[in-house]
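Summary of the model geometry
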Amino acid sequence: QLVANATQLVAVGPSFEAEINALYPCTVGRSRSVIAGFPTVTLEPSWPRPMDEKKRRVIMVGRPTGQKGWDYAAAALASLSPRETACIELTLIGGLGTGEGPYSQYSRRVAQAFQQLEHIDVHNAGAVPHQAALGHMLAADLLLFPSVFEPLGLVLLEAMSHGCCVIASDAAGPTDLIRPPWGHTVPFSDPLQRVEGLASSLRAFLALDRGIMTEQQEQARQAAQSYSWSRCADVHTEALMGR
């Protein structure tokens with residue numbers, strides 16, 4: 001009823017708008033989209049281990065639910081060889097393995113899968129304050145974001161703003177935001193191919209030398225600058241004013 005009677009719908013991105021139009025054909029002609037931005041903040045990098053340029057600092061941030069696809073990430077990392085993973089330091093933020101509710105069993109099962117990655121230095125930071133999460137992104141080299149469904153994923157913009165390369169699924173939000181060479185989207189239409197797709201992208205990232213990686217991180221930071229909260233506010237204002 002809300003969708004049918006709305007004067008205007010503002011989607012969080014063009015790909016998600018297309019999904020809404022396909023699911024609810026009555027919204028065609030009454031929808032628009034805008035990608036939000038991320039305000040610049042000043043903070044210091046934070047990492048649970050001493051910063052070592054020979055390491056590859058990988059971060060995952062989000063609610064530990066089935067939507068976020070963390071089980072695929074754990075399986076992809078498990079499929080890599082000890083030689084490939086020896087340089088990885090992985091930090092998990094979002095409370096994986098804790099909490100109650102419908103996804104608590106999933107969360108605990110996936111937490112155990114990450115704990116069993118014997119050849120990877122895994123640090124489960126739990127749920128941390130927002131500023132602390134941003135500090136970890138500033139220290140990280142890569143955001144791993146394997147969402148099965150994602151209208152946008154504000155964490156993508158946060159990570160890009162702080163110079164993270166990105167490996168993500170090809171859900172609506174990542175498809176709108178992520179571009180090579182600093183970012184790669186993995187086809188997720190076939191569930192049986194998701195793990196290998198993530199593993200292949202991880203191998204390519206781990207093969208980069210630090211100099212090339214640093215260049216790509218700067219490209220990610222620059223890409224984030226094209227999105228702003230003010231533009232997002234303008235589009236919502238236009239919708240509210242009926243323009």
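Residues numbered from 1 in each chain as written. Predicted model: local features only at pLDDT ≥ 70, side-chain atom pairs only at ≥ 80, totals over all residues. Heavy atoms only, no water.

1. Description of the overall build of the protein chain
Keep this limit in mind: Under the scheme used here, helices are H or I runs from DSSP no shorter than 4 residues and strands are E runs no shorter than 2 residues, and both carry numbers assigned from the N terminus. Every radius of gyration here is taken over C-alpha atoms, with the globule rule written as 2.2 Å times N^0.38, N being the number of residues. Exposure is judged per residue with a 1.4 Å probe applied to protein chains only, and the accessible area is read against the type maximum: over 50% gives exposed, under 20% gives buried, and values in between give partly exposed. Whether two residues touch is decided by their heavy atoms; if any such pair falls within 4.5 Å, the residues are in contact. None of His or the chain ends enter the tally, which takes Lys and Arg as positive and Asp and Glu as negative. Charge coordinates come from a single atom per side chain, which is NZ of Lys, CZ of Arg, CG of Asp or CD of Glu.
The helix and strand inventory of the protein chain stands at 11 helices and 8 strands. Taking 2.2 N^0.38 as the reference for a compact globule, 243 residues should give roughly 18 Å; the C-alpha atoms of the protein chain span a radius of gyration of 19 Å, in line with that estimate. Counting across all 243 residues of the protein chain, residues that qualify as buried make up 49%. Contacts spanning at least 24 positions in sequence make up 69% of the contacts within the protein chain whose residues lie at least 6 apart. Charge separation in the protein chain, taken as the distance between the mean sites of 19 positive and 23 negative side-chain charges, equals 2 Å.

2. Describing the pairing of strand β4 (residues 88-93)
Keep this limit in mind: Think of it this way: DSSP has to see at least two bridges between two strands before they count as a pair.
Summarising burial for β4: 6 of the 6 residues are buried, a large majority. Side chains Ile88, Leu90 and Leu92 of β4 all project onto a buried face; the interleaved residues Glu89, Thr91 and Ile93 project onto the opposite face, where all are buried too. Bridge count for strand β3 (residues 56-61) against β4 is 6 bridges, and the pairing is parallel. In the strand pairing of β4, Met60 is matched with Leu92. Note: β4 against strand β5 (residues 121-126), 5 bridges, orientation parallel. If you follow Leu90 over to β5, its bridge partner there is Val122.

3. Quick notes on empty space enclosed by the protein
The following threshold applies: For each structure, a 1 Å grid was placed over the protein atoms alone; sets of points admitting a 1.4 Å probe that cannot get out are labelled cavities, open sets with protein on both sides within 12 Å along at least five of seven lines are labelled pockets, and lining residues have an atom within 4 Å of a point. Grid points are joined across faces, edges and corners, and a volume is the space filled by probe spheres set on the points. Asp, Glu, Lys and Arg are counted as charged, while Ala, Val, Leu, Ile, Met, Phe, Trp, Tyr, Cys and Pro are counted as nonpolar; the rest, among them Gly, fall into the polar class.
In the structure shown here, the tally under the stated rule is 1 cavity of 30 Å³ or more. Taken as a whole, the largest cavity encloses approximately 40 Å³ of empty space. Lining the largest cavity, in full, are Val61, Lys68, Trp70, Leu144, Phe145, Pro146 and Ser147. Partitioned by chemical class, the residues of the lining of the largest cavity number 5 nonpolar, 1 polar and 1 charged.

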